[in-house]
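Structural description and commentary
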Amino acid sequence: MDKQTDYGTPASRNTEQQVTLDIDGHSITVAKGTSIMHAAMQAGISIPKLCATDSLEPFGSCRLCLVEIDGRRGYPASCTTPVDEGLKVHTQTPKLADIRRGVMELYISDHPLDCLTCSANGDCELQDMAGAVGLREVRYGYEGSNHLSAEKDNSNPYFQFDASKCIVCSRCVRACEETQGTFALTIQGRGFDSKVAAGNFDNFLDSECVSCGACVAACPTATLMEKTVIESGQPEHSVITTCAYCGVGCSFRAEMKGEQVVRMVPDKNGGANHGHSCVKGRFAWGYATHRDRITKPMIRKSIHDAWQEVSWEEAISYAASELQRIQSKHGRNAIGAITSSRCTNEETYLVQKLVRAAFGNNNVDTCARVCHSPTGYGLKQTLGESAGTQTFDSVMQSDVIMVIGANPTDGHPVFGSQMKRRLRQGAKLIIADPRAIDLVSGPHVQADYHLKLKPGTNVALITAMAHVVVTEGLVDEAFVKARCEWDSFQYWSEFVAQPENSPEAMEAAIGVPASDLRAAARLFATGGNAAIYYGLGVTEHSQGSTMVMGIANLAMATGNIGREGVGVNPLRGQNNVQGSCDMGSFPHEFPGYRHVSDNATRALLENAWGRPLDNEPGLRIPNMLDFAIDGSFKALYCEGEDIAQSDPNTQHVTHALASMECVIVQDLFLNETAMYAHVFLPGCSFLEKSGTFTNAERRISPVRRVMTPKNGYEDWQITAMLSEALGYPMPYQHASEIMDEIARLTPTFHGVSYQKLEELGSIQWPCNEAHPEGTPIMHIDEFVRGKGRFMITEYVPTSEKVNAKYPLILTTGRILSQYNVGAQTRRTDNVAWHPEDKVEIHPQDAEDRGIKDGDWVGITSRAGNTVLRANITERVQPGVIYTTFHHPESGANVITTDNSDWATNCPEFKVTAVEVSRVSQLSEWQRQYQEFSQDQIALAQQQDESHIE
């Protein structure tokens, strides 16, 4: 299997100065600052090494990479010695050969000689280097002290630590520090007693290790080895694809034996991850072959009937006939569809095309409705484009980083590690969050300001910061006059300068000292390149859209748009949130964010699709649910989305689903929504399909099929079959043809093709005639809308208020090891870290209620109640509780209300008034859920053989 070239040390950051030297008679010109080792590899000259790898800074401990340099004494290490003009370097001499053999002999003398049975056989750098230096015998026996009896640590579910094979090269320790930034590993002892340890813990599982896999990737021996490799042997070929978890969009090499995935290795050339990964992408891919996968289509007339396993032809025919029956009886608008951010661009494009061309309406929405729809609205209003402005790498040029309502180390961990690297280099950090996320205080990272605001007061905070910028003369007027609408700026600046918007006036509402707000605002405005990164803690509020506009206002007022190191950066939660929006999954927008009322766009698409298109916006998800309960919305096609678990006010959602006559679910598992379905179309995992994902930085990356779909079809093919059954053929032969159509019809995608993705690896849109290789940084010379527009951001307190009955505020979020509704990660060994959702509560609030750590507590809101186990912690402030929503039986969204953003209906997940009390049994909803869920699983297992007539 081809391996990615390892140059031993990172490339020089000096792109201007060049140096010419001689290595083994070859004249080589490289950038100043390049190591001799790296320069030699560029010339095709390999120097033996063990402690060196190009993902880490040079260390110089193994003494294998010594070279001779004319005119210099001794034998310097090539990894730590930089090139210099006119150097004459020798990498192969008799003396160097003797030294290297002697060093290697010492390594081998304390290493098991079990190469033939070792799991790393054929992929072991120690083995390779023994051969490279010509070692043929070891003069030292095992009679003396050695480490051969050291115990193995098998505590981590994904990798083994075999200390007997450790050569103490420190690569794992350095990877944990430099690449991941967790500092979980250390070298204990000195000299012969040196050993790698998981901090002060007995094993990896109990330690601070986050199982990102950086240590495993860095290890040159079998000391740290994936258990899948130990069990299955070395892979024999690889395919580059894109992770299907969060919005970072990491590139991976799926390393295979035939159609079996042996391991997922982060791709060093990945534009978003540069060879790093997290526990989910690196290890949690086993769900794709989990026994819970449903691979045969199923149908039934009622949700109380047993499922019938049928052929694809019968399932598609039945689904189409039901949709046609319902439209014939109840009208064209009685049916709709929901796309998913877990699906590819091509799949979501086809679903919205199916709705518009085959259903004949615009009743299509996406899960972005409940997460980042305010981003689309707010950025469109201010900057003119519904997307983040930067590339992830831009953060390495930031001087001030402001994180608002996001938790990068848990939600976007690979980018979180990159951000931590920049912070360790000296960038300043401002965090606005009701909860103390890990970035507030961690290993070698400390927030300069933690603005611990009350949930629901984001707009007050951003407006108060803007007040400081305007009233203290910190506006970048040159930028504003050149790049923005001056009239809108003046109107806005007069608004934010009003005394009622000052930090002092807002202090009581926000809960943050005015002095801290002022200091943070000054730092942001004067600290150099300032970048804002935000997440669902911004958007999932009643004023989510207002807050996004407030963030854009602050960035424009301080001139922090349009270059490296600055910008407005939404951290998209799922792998293709950006793409699902780009593809036209909203009921008011065609692909490329063009409104359905736009005559020119509609004419273009009508000509291409051959059907008349509706010029009125369709139903949003909340409308579909309300109308289903009212009786006018009768059928839903839901691909890859689980609204029964992910959307707010669960009981309202399930009532709506139960009220429909035909619910068609296309997914991997019998999820919570599928339990209310009448047709189940088995979907395929990212490993079984071709397509593209678009990450949070607008990076379009290829998803490549590495195994045959277990259900028989890729997801886009299933949509196409349903469309054909409805009388609207979609005769595509491959996902690439769908992208070709997207590119023809969508201005920002005009230059995108699978061929270009093969050449470039990935592309950041806009990619068109003006930007043939993509656009890493947006709004460089002018905004997409021409001039940036400032918007008024008046603070309107949420209607969800605390009172004597509901005195606490519940806010929700995610955790590192689990992903969204957990359908994938719960079917992997990630449950070792998060087997259940718990509720965090401050010690004072717990004491007031007689709650002890680990107690079962009932959480009651205006919408419902559930029961979770208590975790008493000072990470939350008094008056605020926090939980995750990864396990369906937790019922986190049973208690969230249907309050939503004024502009987009994005639910207000982050602010729910509740009360908490000790209980001894599950809630009534949880008991009913368990009973219903068990019944539905039983109905799926019965597989009634009779056919629906």
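Notes on the structure follow. Bear in mind that the values here come from a model prediction, so they are computed numbers and not experimental data.

Cut-off values and rules
- Residues numbered from 1 in each chain as written.
- Predicted model: local features only at pLDDT ≥ 70, side-chain atom pairs only at ≥ 80, totals over all residues.
- Heavy atoms only, no water.
- Helix = DSSP H or I, 4+ residues; strand = E, 2+ residues; numbered from the N terminus.
- Contact = heavy atoms within 4.5 Å.
- Areas by Shrake-Rupley, 256 points an atom, 1.4 Å probe, with all protein chains shown as cover.
- Lys, Arg positive; Asp, Glu negative; His and termini not counted.
- Charge placed at Lys NZ, Arg CZ, Asp CG, Glu CD.
- Salt bridge = Lys/Arg side-chain N within 4 Å of Asp/Glu carboxyl O.
- Buried < 20%, exposed > 50% of the residue type's maximum accessible area, 1.4 Å probe, protein only.
- Polar contact = N/O pair within 3.5 Å; in protein donor to acceptor, adjacent residues only side chain to side chain.
- Core = buried A, V, L, I, M, F, W, Y, C linked by side-chain atoms within 4.5 Å.
- Arc of directions from axis to C-beta.
- Patch = residues over 30% accessible without salt bridge, like charges linked within 9 Å, V, L, I, M, F, W, Y side chains within 5 Å.
- Axes fitted to C-alpha atoms, helices over the stretch in contact; angles between N-to-C directions.
- Parallel < 35°, antiparallel > 145°, perpendicular 65-115°, else oblique.
- Left-handed = near helix turned anticlockwise from the far one by under 90°.
- Nonpolar A, V, L, I, M, F, W, Y, C, P; charged D, E, K, R; others polar.
- Phe/Tyr/Trp six-rings, centres within 6.5 Å; stacked < 30°, edge-to-face > 60°.
- Pairing = 2+ DSSP bridges.

**Topic: the overall build of the protein chain**
Check the secondary structure of the protein chain and you find 30 helices and 37 strands. The dimensions of the protein chain, computed from C-alpha atoms along their principal axes, are 90 × 75 × 65 Å. Taking the intrachain contacts of the protein chain between residues at least 6 apart in sequence as the baseline, contacts between residues at least 24 apart amount to 73%. Per element, the accessible surface of the protein chain, about 34,100 Å² overall, is 47% carbon and sulfur. Placing the 83 positive and 115 negative side-chain charges of the protein chain at their respective mean positions leaves the two points 2 Å apart.

**So, the pattern of salt bridges**
Pairing between side chains of opposite charge can happen when the charged atoms of each approach one another. For the structure shown, the criterion picks out 40 salt bridges. For Asp614, the salt bridge goes to Arg332, with nearest N and O atoms at 3.5 Å. Remark: Arg332 occurs in the loop between helix 8 (312–330) and strand 15 (335–339) and Asp614 occurs in the loop between helix 21 (599–609) and helix 22 (621–630); sequence separation between them is 282 residues. On the basis of relative accessibility, which here comes to 18%, the residue Asp614 falls in the buried class. Here Arg518 and Glu472 are joined by a salt bridge, their closest N and O atoms 3.0 Å apart. Separated by 46 residues along the polypeptide, Arg518 in helix 17 (residues 514–526) and Glu472 in the loop between helix 13 (458–471) and helix 14 (477–483) bring together distant segments of the chain. On the accessibility criterion, Arg518 (16% relative accessible area) is buried. Among the charged side chains, a salt-bridge network with shared partners connects Asp123, Glu226, Glu255, Arg263 and Arg282.

**Details of the side chain of Asn560**
Of note, Asn560 is situated in the loop between helix 19 (544–557) and strand 23 (567–570). Of the residues examined, Asn560 reaches a relative accessible area of 2% and is grouped as buried. A distance of 3.1 Å separates a polar atom in the side chain of Asn560 from the backbone nitrogen of Ala530. A polar contact of 2.8 Å, which involves the side chain of Asn560, links it to the side chain of Thr558. With residues up to four places along the chain from it excluded, the contact list for Asn560 reads Phe524, Gly528, Asn529, Ala530, Ala555, Val566 and Gly567.

**Observations regarding the nonpolar core**
Counting 69 residues, the largest nonpolar core has Phe159, Leu224, Ile401 and Leu429 as its most contacted members. Considering every element that reaches this core, the biggest residue donor is helix 12 (residues 413–424), with four residues. Setting aside chain neighbours within four positions, we find Leu429 in contact with Ile401, Val403, Leu423, Leu439, Val445, Ala447, Asp448 and Tyr449. In terms of nonpolar packing, the next biggest core, distinct from the first, is built from 63 residues, Tyr349, Leu350, Ala387 and Leu726 among them.

**Let's talk about the environment of Ser690**
Its place among the elements puts Ser690 in the loop between strand 28 (679–682) and strand 29 (691–694). Ignoring anything within four residues of it in the chain, the contact list for Ser690 reads Val703, Arg705, Glu714, His734, Ala735 and Tyr754.

**Concerning helix 21**
Among all positions of helix 21, only Thr601, Arg602, Leu605 and Trp609 are buried. The buried side chains of helix 21 occupy one side of the element, clustering within an arc of 95° when seen end-on. Opposite the buried face of helix 21, at more than 90 degrees from it, the exposed residues are Asn599, Ala600 and Asn607. Considering only its buried residues, helix 21 is in contact with helix 9 (345–359), strand 24 (589–590), strand 25 (594–595) and helix 26 (735–745). A positive phi of about 70° marks Gly610, the residue just after helix 21.

**A look at helix 16 (residues 503–510)**
Listed in full, the buried residues belonging to helix 16 are Pro503, Met506 and Ile510. With its buried residues spanning 70° around the axis, helix 16 presents them on a single face. In this structure, the buried residues of helix 16 make contact with helix 13 and helix 17. Just downstream of helix 16 lies Gly511, where phi reads positive at about 85°.

**Topic: a nonpolar patch on the surface**
A cluster of nonpolar side chains, Leu106, Val138 and Tyr140, forms an exposed patch at the surface whose accessible area comes to about 260 Å². Looking at the secondary structure, you find Val138 in the loop between helix 3 (125–132) and strand 5 (152–153).

**Some details on the packing of helix 13 against helix 19**
Across the interface, helix 13 lies against helix 19 with an axial gap of 9 Å and an inter-helix angle of 20°. As the angle between them shows, helix 13 and helix 19 are arranged roughly parallel. For the pair helix 13 and helix 19, the sense of crossing is left-handed. Residues Asn458, Val459, Ile462, Met465, Ala466 and Val469 of helix 13 pack against Thr546, Met547, Gly550, Ile551 and Leu554 of helix 19. For the contact of helix 13 with helix 19, the class distribution of residues is eight nonpolar, three polar and no charged.

**Re the packing of aromatic side chains**
In this structure the tally under the stated criterion is 20 aromatic pairs. Pairing Tyr377 with Trp902 gives two aromatic rings, centres 5.7 Å apart and planes at 85°, and the pair type is edge-to-face. Here the residue Tyr377 occupies a position in helix 10 (residues 373–382), and Trp902 occupies one in the loop between helix 29 (892–895) and strand 37 (912–918), the gap between them amounting to 525 residues. Judged by its relative accessible area of 29%, Tyr377 is partly exposed. Here the aromatic residues Tyr158, Phe159, Phe161, Phe204, Phe283 and Trp833 are joined through ring pairs into a cluster of three or more.

**Considerations on the pairing of strand 22 (residues 530–534)**
For strand 22, the buried fraction is high: five of the five residues fall into the buried class. Here strand 22 shows no split at all, with Ala530, Ile532 and Tyr534 on one side and Ala531 and Tyr533 on the other all buried. Two elements, strand 17 (residues 400–404) and strand 22, share five bridges in a ladder whose sense is parallel. Bridge pairing in strand 22 links Ile404 to Tyr534. In the sheet, strand 22 pairs with strand 23 via four bridges, with the strands oriented parallel.

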